[in-house]
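# Overview (structure and organization)
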Amino acid sequence: MANERRETGLHSLRWRLLATVGVAALLGLAISGVLSYGQAQHEAEEMMDGHLAQSARLLLALVSDNEAHLAELAKRLATVSNEHGSAYEPPLEFQIGRADGSLLLRSAHAPDAPLSGTPGYSVIEHDGLPWRMLTLAASAEPSDYRVQVGQSIALRDRAALEVAGQAVLPTALISPLLLVLLYFSVRRGLKPLDELAADVASRSPENLRPLATVDAPLEAQPLLLALNRLLGRLQDTLDNERRFTADAAHELRTPLAAVRIQAQVAQLSRDADDRQHALTQILASSDRATRVLEQLLRLARLDPLGGLPSRQEIDLAALARQLFAECGEGTGASPARRVRLQADDSPLLVRGDAELLKIALRNLLDNALRYTLPGSTITVFACRHADALSLGVADDGPGVAGEDLPRLVERFYRGGDARGEGSGLGLAIVQRIAELHDAHVQLENLAAGGFTASLRWPLADAG
Amino acid sequence: MRILLVEDDALLGDGIRAGLKLADYAVDWVHDGDAARLALLDHDYQACVLDLGLPRRDGLAVLRELRGRGSQLPVLILTARDTSADKIAGLDGGADDYLTKPFDLPELQARLRALIRRARGAATPTLAHAGVLLDPASKRVTRNGQPIALSAREYALLLDLLRHRNHIRSRSQIEESLYAWGEETGSNTVEVHIHNLRRKLGADFIRTVRGMGYQLSDEG
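Note that the structure is predicted; figures quoted are calculated from it, not measured.

Calculation rules
- Residues numbered from 1 in each chain as written.
- Chains lettered and ligands numbered in written order.
- Predicted model: local features only at pLDDT ≥ 70, side-chain atom pairs only at ≥ 80, totals over all residues.
- Helix = DSSP H or I, 4+ residues; strand = E, 2+ residues; numbered from the N terminus.
- Buried ≥ 20, exposed ≤ 12 C-beta atoms within 10 Å, placed from the backbone.
- Contact = placed C-beta atoms within 7 Å.
- Nonpolar A, V, L, I, M, F, W, Y, C, P; charged D, E, K, R; others polar.
- Expected span 1.5 Å × (residues − 1).
- Arc of directions from axis to C-beta.
- UniProt positions renumbered as here; feature names shortened; annotations may be inferred.
- Pairing = 2+ DSSP bridges.
- Axes fitted to C-alpha atoms, helices over the stretch in contact; angles between N-to-C directions.

### So, the overall build of chain A
The helix and strand tally for chain A stands at ten helices and twelve strands. Here chain A holds 463 residues, and the buried ones make up 26% of them. Once local pairs closer than 6 in sequence are excluded, the contacts in chain A between residues at least 24 apart make up 65%.

Next up, the structure:
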């Protein structure tokens, strides 16, 4: 599966590098090839022109010195011109005559051009083919010899092409080699990335240790660091999840174990009272398991929220009054404790989710009812302080042991004296709801005795 | 026989105590590690059922201290921690047995019987003396093959005497073994139970050592 992805060239860094660098290199080679080809062709033309001029001057000199041996010369030249040289030496044809146009001597295939023409290079047509001609007149008076040499342009071109081709050949030969070299360089250059990929690919899903950054190339470092940060966060999340699962299992197992053993006690007991007691305990245990489950689900729903989906304006004082009306005064749950309300008359406005805040406040109230002694007074309050708005519950009970205080909001943490009635999740839920509302949870023992737990919204204009 | 139960959960602890009482154990129940430590120092138990996650002092710490004192008390760990690592730590920490929650009451009872039997140094589950046979698993007592009906206290007293057949048991030792905290004993309850046992098992089955206590009579 991973290999399939790696084979698709379009997204592979290696193939992209190879393609771009390869195309650039080939393009460079091609341009240089075209340029040197043109240059070589031009140079070959010049050389052949030079050759023409040299031959013409030589012939002129020969004729001027040895007019008497013209016939002899003609014979020799015929044999020389017939000997074919290399491809770079296209056959040279010539005519020798006088200024008046009379022809003294000519090579076998020389074009039949008038000798009276003006001296210099020209192109003429002969037998339907273009020829490059050079006409040269004797400079020393009274001699009026004229020499005309020419080459077939077709042959000249062929020679020029041959020369230019030879010049380009090394470039052409080098390009495949260059491509191969490029391929290996790119592969070698990307090897650290491949090793990194292999390291990541070969990992088991549980292995979230940071990737080694020591040997990684500089360019990959930011990516690696970001990855390691992500891995670290993932590890934290996973650890939390594991701890939470283990704790949740423990918290559910205990009441379930109680249900089971009480049921067995009820089965085995011969005493009616014992049996009745065991059945009552079964009910209590299943209530407890239900409560743990409900709180777990509530927390599970709250946990993934990045923020509140919708925020309304909420009056904390009204909220406290509402909760107090619902479950404060005259509550049947805990007749031995008195619940009071202390809410400001002026509205205390925050933005948030009223349902969630009510759950938080109810959890705080439940805790107070559960962990205070009978006869205690519990106060539900919503107040404006100099520096903050607060919503919470205070009691005049024994308070919380100092070493337990910072750990109370931990999931499933119960203080040393707790008798395991609660789910251990109440304050964790309050904490989460506070986070979602940009508030913080304050837990403190009061100097005068008692304990207060509240959500506090710092006031922006407070010193 | 007296057992110390260390369990912080109110509902579960109540259930275990009731279940152990059904097996005629006297059960002392403490809720945290510190109380467990004190109870173990002060009293002579036949076994301890120990939870691990305890307030104030972890169960393993309690166990370490107990073993550090050289105590041979049979300890059964009863916990929700169910990974191998936890079990290994518990058993290597000095526990004799390890049971995870939720568990079966009869199994807990059987394991305790086995632990107590082993601590006595015996492999056979039944106790026998002068034709009287006691099977702790079924709690049945026979005399020369005939079943004998005993009350829970009489059974516990017989078990105590059988387990200490080579020693003289004082009245306070017997009371300590038979009764848990809060179960007040009358001034002559032990004598009443002794009397009843003699009536059911034969007048010379138990002998009184004047000024010291009671002991099973020599066989034959």
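### Notes on the overall build of chain B
Along its length, chain B carries eight helices and eleven strands. Relative to its 220 residues, chain B shows a buried fraction of 41%. Looking at chain B alone, contacts between residues at least 24 apart form 56% of all its contacts between residues at least 6 apart.

### Re the interface of chain A and chain B
Each partner contributes to the interface: chain A provides 25 residues, whereas chain B provides 20 residues. Secondary structure elements with two or more residues in the side of chain A that touches chain B: α6 (221-268) and α7 (272-302) of chain A. It is α6(A) that provides the largest number of residues to the side of chain A that touches chain B, a total of 14 residues. For the side of chain A that touches chain B, the class distribution of residues is ten nonpolar, nine polar and six charged.

### A closer look at helix α5 (residues 105-119) of chain B
Compared with the 21 Å implied by 1.5 Å per residue over 15 residues, the 21 Å span of α5(B) between its first and last C-alpha is a close match. Taken together, the buried positions of α5(B) are B:L105, B:L108, B:Q109, B:R111, B:L112 and B:L115. End-on view of α5(B): buried residues confined to an arc of 165 degrees, all on one side of the axis. Packed against the buried residues of α5(B) are α6 of chain A together with α1 (10-22), β3 (47-50), β4 (75-79) and β5 (97-100) of chain B. Positive backbone phi, at 85 degrees, marks B:G121, one or two positions downstream of α5(B).

### Concerning the UniProt feature "modified residue: 4-aspartylphosphate" (unreviewed entry) in chain B
Residues and elements named next belong to chain B. Under the feature "modified residue: 4-aspartylphosphate" (unreviewed entry), the UniProt entry names D51. Relative to the elements of secondary structure, D51 occurs in the loop between β3 and α3 (59-68). In this structure D51 touches V6, E7, D8, G59, L78 and T79, once residues within four positions along its chain are discounted.

### Re the sheet that holds strand β2 (residues 103-106) of chain A
Residues and elements named next belong to chain A. Reading across the sheet, the five strands line up as β2-β1-β5-β4-β3 and stay open at both edges, with antiparallel pairing between neighbours. Looking at the sheet topology across the chains shown, the edges are occupied by β2 and β3 (120-126). Strand after strand, the sheet turns through a mean of 25 degrees between neighbouring axes, direction not considered. Of the pairings in the sheet, the one linking strand β1 (residues 93-98) to β2 comprises three bridges and is antiparallel in character. Bridge pairing in β2 links Q95 to R106. Of the strands in this sheet, β3, β4 (129-137) and β5 (145-152) are in contact with helix α4 (residues 153-189), which crosses β5 at around 60 degrees.

### Focus on unusual backbone geometry
Residue and element names in this part refer to chain B. The amide bond that connects K101 to the next residue, P102, takes the cis arrangement and shows omega of -5 degrees. Counting through the fold element by element, P102 comes out in the loop between β5 and α5. With a phi angle near 65 degrees, D24 is a residue other than glycine that sits in the positive phi range. Topologically, D24 is positioned in the loop between α1 and β2 (26-30).

### Description of the pairing of strand β9 (residues 377-384) of chain A
Moving residue by residue along a regular strand, the side chains alternate between the two faces of the sheet. Residues and elements named next belong to chain A. Both strand β7 (residues 338-343) and β9 contribute to a ladder of six bridges, which runs parallel. Across the sheet, the residue bridging to R338 is T377, located in β9. Here β9 pairs with strand β10 (residues 388-395) via seven bridges, running antiparallel. Each bridged residue has a counterpart across the sheet, and for T379 the counterpart in β10 is A394. Count of turn residues in the β9/β10 antiparallel hairpin: three residues.

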